[in-house]
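Topology and contacts: notes
These are the residues of each chain, in order.
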Amino acid sequence: MIKEFRLPDLGEGLTESEILSWKVAVGDTVTLNQVIAEVETAKAVVELPSPFAGVITALHEEPGSIVEVGKPIVSFEVADDGGASPSGAAPAGAATAAAGTAKREPNLVGYGAVVESSGRPARRARNFITPVVEPVRGSVVEPVMTETPVVEPVETEPVETLPVESLPVGTRPADTVERPRSTPPVRKLAKDLGVELAAVAGTGAGGLITREDVQNFVGGGELSAPVRHLSAVSDSVSAAGLGAQGGREVRTPIKGVRKFTAAAMVASAFTAPHATEFLTVDVTPTMDLLAKLKASRAFSGYKLTPLTLVAKAVLIALRRNPSLNSRWEEASQEIVQFNYVNLGIAAATPRGLTVPNIKDADTLSLLELSEALTGLTETARAGKTAPADLSGGTISITNIGVFGIDAGTPILNPGEAGILAMGAVRKMPWEFQGEVALRQVMTLSLSFDHRLVDGEQGSRFLADVGAILAEPGMVLTMV
Amino acid sequence: MSTDRNLIQLITPAGERISHPEFDPWVKDIGDEQLCSLYEDLTVIRRIDVEATALQRQGELGLWPPLLGQEAAQVGSGRALREDDFVFASYRENGVAYCRGVDLTDITRVWRGTASSGWDPYTVNMATPQIIIGAQTLHATGYAMGIQNDGADSVAVTYFGDGATSEGDVNEAMVFAASFQAPVVFFCSNNHWAISEPVRLQSHIQIADRATGFGIPSLRVDGNDVLAVMAATRVALDRARHGGGPTFIEAVTYRMGPHTTADDPTRYRDANELEDWAAKDPIQRVKALLERKGLLTGQVQQHVHDKAEAVAREIRSGCIGMPDPEPMDIFKHVYSAPNSWLDRQQDHYARYLASFGDPAGATSEEGAR
C-alpha cells in the first residue's frame, strides 16, 4: 500500500520548511529512520528520518522549494504491516485544518505571541481586486497606490469565527498611509544606505521589498540587474562553465553565504569611500628569513608562510599607524579607535568567502601567530568556523597571491578601516645594489576607508609594511 | 580532562580502569556482570534517545530534549538509587526515568502532547519532568524535609543543569537544604551549554564550588564515567541517609546534540568542541573497558543490540499507538477532590463543544494538533 509522509512541524510552531536536498531517489528501498532528506526550518537545518520501511514511489517537492507543514513530501510503497502510520499521514490530517474552521497556531513558551493568521503584519487589502479572495475583503476597493501592482498571493486566511475579531475592513480610514512592505533587516539596510523605502519597487511576494531591491536601487536600479546575474552565474562556473553541456545560461538562486557576502560588499562599497594604493617590494630578504626560520628548531613543526610574515609586518606597522585599525560609527557619530587588533584573514571555503579573525593578534608572538593562522584557515576550510570568530574584526588581509594574482582593489570588510591584499611572490628582474638582478618581488594593495584614513596615513602604513618586508631588520627601528 | 586535578575518574576515555583510593570502595561490588549491565543500560538509553529524536522529526512528538552524550551521568546516578529514594528531575533525565522503571510509552506521553504529565510519580518514586528551570530542586528539598519529619532514611535526589545553578530557585533550595541539613542530593549535569549560553559565562568558578558558598559539600566527577558517577552518588546518598545533610555533585559532561529538537547548536558552538567531547564518549569507554577485560563477547553484544532494538520498537509503537485525549480530559487532573469553580468551567466547555452539533467537534481539534 502507498503511504504518504507529510512535512511535520520540526520546531515549535513552525509553519514551513525548505527542502535542501533529497538523500533518496524514487525507486530506492529505505529502512525505518534512514535519512531521506535535509530540511531547513527557520530555526535549524535538520535531517528527516524515514517514518516507514519501504520503497520510495514519489518525491513531491524539488530541492529548494519551501513547503508548508502538513503537505505530503514523499510517498512510500510499504508492506501492509510495515511501519505504523504517522499521524501526519492520516487522511484527516492537515487537510481538515486548512479546510475551514479557525486554524489554531501552536504557540509554546519562549517563542512569542501567537502570530497573525497570515504570519505577516496586519494590513488592509490592496488597490486591486485579487482574482480569488474572501468576499469580506475583495469587496473593498481602495485608492490607487504607487506600488507595483503585484497580485497578492491568495492566502487561505480562514474567516475568523469569533465575531469580535472580524472587524469589517471598511472601518479603517481609507487615507491611512501604509508603510512599504519589507522586513526589519531590510528596513535597517535601507536606513543604513539612506534609501527611502517608499521609492523602491518591491519584487518579493506580494510586493515585498527585498534586500536585493534595496541594493539594486542603490546600485542604479535596472543597471545593476545584469551584474547580479553575472555574479550568480560566476558562482556556478565550476559546476557548469564554458563548454559544458546544458543550457546557454545557468541561473542559481542568490542565497546563503553568496547572498551575505554580496550584501556585505555592497554595504561596504557604498558606505565607505575606498582609496587603494599599491606598492611593489623586493621581498627576497623576507623569503630568506622565512627559509631560515623554517629550518630553525624553534619553528619545527609549525607552518610558516609568507602570509605569516606579512601578518606580523601589518601588526607592527599598525602600532605606528593606528588609524588603520579603527571604525567609523555612523550611528553614534564616533570614530572608534581599537587598542587591540582582531586580524581578519579572508578565506575561500566550501561555503564561499568568509573572513574569520584572530583575536588580539597584536599580543601574539610569531610562533603563536603562525599557529593561529594555521588553525584559522583549516577551521574555515572545513566550514567549522565558530560565529564568534567571524565578527569583531578590526583589519583584514587577503592573500590573492595564492591564486597567482599580483594586485587588486580589495573591498573593506564592513566596519573595518583597512584591508591589505598580498600578491604572488614572483621572480622578476629588479634593481639590486645598482644592477638588475633576478629578485623575489611582491605587490601589496591597500584599500582604506578614506573617511578615517587620509592618504598620508595610508601611505605611511603601506610604506612601513613594505619596509619590513624589504628588510625585516627594519623592525628594529619601529618597535 | 586529565589536567583536571579535582575531577573524580575511575575509567579513562580510553577505557582504562584507574584506581582511586577514596572512591574505589564505593563500587567494589560492581563486577563483570554489573559492568555489562551498565553497558546495556547506557546503550539502551542512547537508543531510546535516537528513536525519540526520529519520532519528533517524523511529526510524532512535538518536541524532544536529546540527552546524547549524557548517558553515563544518568545511568551512574540512577542505578545508585534505592527504590524508596525519590527523584525530582528536569526534562532531560529520560535515562534516569528508564533506570527508575518508568514505562517507555509514558516517557513520550507528555512530549506527544497527549497528557499534561506522563506517569504516576508514586509508582516509581520519580516526579514527572519539570520544564521550569530548577523549580524541581525546591520540591526535592521540601520532600527531603518531609523525610526528616518521617524519620526515614530515604533520600531526595534532584537533577538539573549548569544553567539552573544561576536560577533563584536552585539557590533557595540549597539555602534550605543546608539550613535544615535535609537529606537531598543536588545532582548537576554540567553539559556545558544552557541552550546557547556557555557555562564559562555563567560561572567564573567551577560549578561544584558554588555549593561551598552554601556550606554544602560538593564532588566534581567525570560525568562521562559511569562508574565514577555511581561512586560519587553513593557517597552522597550515604551521607544523606546517615544525617550528614545535602551534597552537591557536579557531573562534568557534554550535550552532544541540540538543546531540544527545535534548536540548532551549530549556530553558536564550535564543531571542534564537539570533536573533543566525542573522544570522551561515555559508552565507548565502557565498551573499551569490557574489551580489555575480554567481556565483550559476541553474545553480550548481540544481547545488548537486541534489547536496544526491542526497546526502540516498543517506544515507537507505544508512541504512535497512543490515543488522543478527549477534550474533557483536561479537567480530570486539576484537583483531587470536586471543585465547584472547575465544575462550572467544565460544564461551560461541554456546552461549547456540544454547540458544534456532533462529536466531530473533537475531530477538528485533532486535525489542528
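Heads up: the structure comes first, above all this text.
Presented here is a report on the structure given in the accompanying data block. Nothing here was measured: the structure is a model prediction, and the numbers come from that model. Sequence positions are assigned chain by chain, starting from 1 and proceeding in written order. Chain letters and ligand numbers both follow the written order, the letters beginning at A and the numbers at 1. Only residues with pLDDT of at least 70 get local features here, since the model is predicted, and only at 80 or more are side-chain atom pairs given and counted; chain-wide, interface and lining totals rely on the full set of residues.

**Describing the sheet that holds strand β7 (residues 66-68) of chain A**
Residues and elements named next belong to chain A. Between any two strands, at least two bridges found by DSSP are needed for them to pair. Think of it this way: any DSSP run of H or I at least four residues long counts as a helix, any run of E at least two long counts as a strand, and we number them from the N terminus. Strand order in the open sheet made by the 4 strands is β5-β4-β2-β7, with antiparallel pairing throughout. For this open sheet the edge positions go to β5 (45-49) and β7, each flanked by a neighbour on one side alone. This sheet shows a mean twist of 40 degrees between the axes of neighbouring strands, independent of strand direction. Sheet topology places strand β4 (residues 35-40) next to β5; 5 bridges connect them, and they run antiparallel. Looking at β5, one finds that Glu38 is bridged to Glu47. To obtain each axis, a line is fitted to C-alpha atoms, and for helices this fit is confined to the stretch in contact; angles are then taken between N-to-C directions over 0 to 180 degrees.

**Section: the nonpolar core**
All names here are of chain B. Buried Ala, Val, Leu, Ile, Met, Phe, Trp, Tyr and Cys residues form a nonpolar core when they are connected through C-beta atoms within 7 Å. Think of it as a crowd count around each C-beta: if 20 or more other C-beta atoms lie within 10 Å the residue is buried, if 12 or fewer it is exposed, and in between it is partly exposed, with C-beta placed from the backbone throughout. With 89 residues, the main nonpolar core has Ala156, Val184, Val185, Ala231, Ala232 and Ile249 as its most contacted residues. If one sorts the elements of this core by residue count, helix α10 (residues 226-241) sits on top with 11 residues. Contact partners of Ala231, with chain neighbours within four places excluded, come to Leu10, Phe23, Trp26 and Val27. With C-beta atoms placed from the backbone, a contact is any residue pair whose C-beta atoms sit within 7 Å.

**Some details on the sheet that holds strand β6 (residues 54-59) of chain A**
Residue and element names in this part refer to chain A. Pairing is antiparallel in the open sheet, where 4 strands are placed in the order β1-β8-β6-β3. Looking at the sheet topology across the chains shown, the edges are occupied by β1 (2-6) and β3 (29-30). Bridging between β1 and strand β8 (residues 72-77) involves 5 bridges; their strand directions are antiparallel. When the sheet's bridge partners are listed, Phe5 is paired in β8 with Val74.

**Section: helix α7 (residues 168-180) of chain B**
All names here are of chain B. The length a helix should cover is 1.5 Å for every residue beyond the first. Look at α7: 18 Å from first C-alpha to last across 13 residues, which is about the 18 Å you get at 1.5 Å a residue. What α7 keeps buried is the set Val170, Ala173, Met174 and Ala177. The arc that holds the buried residues of α7, viewed along the axis, is 100 degrees, so those residues lie on one side. Buried residues belonging to α7 abut α6 (135-150), β2 (156-161), β3 (184-190) and α9 (207-212). A positive phi of about 50 degrees marks Gln181, the residue just after α7. Here, the arc refers to the directions that run from the helix axis to the C-beta atoms.

**What about unusual backbone geometry?**
The phi dihedral of Asn125 of chain B falls on the positive side, at around 55 degrees, and the residue is not glycine. On the secondary structure map, Asn125 of chain B appears in the loop between α5 (121-124) and α6.

**Section: the pairing of β3 of chain B**
Where a strand is regular, its side chains alternate between the two sheet faces. Residues and elements named next belong to chain B. Among the 7 residues in β3, 7 count as buried, and that is most of the element. Neither face of β3 is exposed, since Val184, Phe186, Cys188 and Asn190 on one face and Val185, Phe187 and Ser189 on the opposite face are all buried. Of the strand pairs in this sheet, β2 and β3 are connected by 6 bridges, and their pairing is parallel. From the neighbouring strand, Thr158 faces β3, where its bridge partner is Phe186. Tracing the backbone out of β2, into α7 and back to the parallel element β3 gives a crossover that is right-handed. Judged from the 6 bridges that link them, β3 and strand β7 (residues 247-252) form a sheet pairing that is parallel. Its bridge partner being in β7, Asn190 is matched across the sheet by Val252. Handedness of a crossover: with both strands directed away from the viewer, a clockwise path from the first strand across the helix to the second marks it as right-handed.

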